[in-house]
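Structural overview
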Amino acid sequence: MKTLRQAKIGDTVYVIKLHGEGAIKRRIMDMGITKGVEIRVRKVAPLGDPLEITVRGYELSIRKADADMIEIE
């Protein structure tokens, strides 16, 4: 299983599945990250947290802990 946290800068990936439960999963979905959506990794902060991604045409910063819950292909 590969997660968004393992993606490199410049990668374009697709979401296979969201892990996590309840409010955490709901918050990720509210940001527009759902099954099948395309995500491009734009930047990673110097210490690795957060990641800056492009999803559905807008830029978004996401924590490593949340990125670990997003399974990609």
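So, here is what we can say about the structure in this document. What you see as residue numbers is a count from 1 along each chain, following the sequence as written. For this predicted model, a pLDDT threshold of at least 70 governs which residues receive local features, and a threshold of 80 or more governs which side-chain atom pairs are given and counted, while totals over whole chains, interfaces and linings are taken from all residues. Water and hydrogen atoms play no part in the side-chain values, which are based on all heavy atoms of the structure.

A few words on unusual backbone geometry. In this model, Arg56 sits at a positive phi of 55°, which is unusual for a non-glycine residue. Each helix is a run of DSSP H or I of at least 4 residues and each strand a run of E of at least 2, with the numbering of both proceeding from the N terminus. Relative to the helices and strands, Arg56 resides in the loop between strand E4 (51-55) and strand E5 (58-62). The exposed category is assigned to Arg56, whose relative accessible area is 53%. For every residue, the accessible area (1.4 Å probe, protein chains only) is compared with the maximum for its type, and the residue is labelled buried under 20%, exposed over 50%, or partly exposed between those bounds.

Two strands qualify as a pair provided DSSP detects at least 2 bridges between them. Across the sheet, 6 strands lie side by side as E1-E6-E2-E3-E4-E5; this open sheet has antiparallel pairing. Two strands in the sheet have a free side with no partner beyond their single neighbour: strand E1 (2-3) and E5. Summarising the sheet, strand E2 (residues 12-18) and strand E6 (residues 70-72) pair through 3 bridges and their orientation is antiparallel. Note that in E6 the partner of Leu18 across the bridge is Ile70.

If the charged atoms of two oppositely charged side chains come close together, the side chains can form a pair. Salt bridges are defined as contacts in which a side-chain nitrogen from Lys or Arg sits within 4 Å of a carboxyl oxygen from Asp or Glu. Across all of its chains, the model carries 6 salt bridges by this definition. A salt bridge links Arg5 to Asp68; its shortest N-O distance comes to 2.8 Å. Here Arg5 is found in the loop between E1 and E2, whereas its partner Asp68 is found in the loop between helix H2 (64-67) and E6, with 63 residues between them in sequence. On the basis of relative accessible area, Arg5 is assigned to the partly exposed category, the value being 38%. On the basis of relative accessible area, Asp68 is assigned to the partly exposed category, the value being 32%. Here Arg26 ties to Asp30 by a salt bridge, and the two come within 3.2 Å at their closest N and O atoms. Of this pair, Arg26 and Asp30 are both found in helix H1 (residues 22-30), 4 residues apart, which corresponds to roughly one turn of the helix.

Turning next to the pairing of E4. Successive side chains on a regular strand alternate, one facing one side of the sheet and the next facing the other. Burial analysis of E4 places 5 of its 5 residues in the buried class, the great majority of the element. With 5 bridges joining them, strand E3 (residues 38-44) and E4 adopt antiparallel strand pairing. Paired with Lys43 across the strands is Glu52, a residue of E4. Linking E3 to E4, which pair antiparallel, is a turn of 6 residues; within it Gly48 sits at a positive phi near 90°. The turn linking E4 back onto E5 is made up of 2 residues, and Arg56 within it adopts a positive phi angle of 55°.

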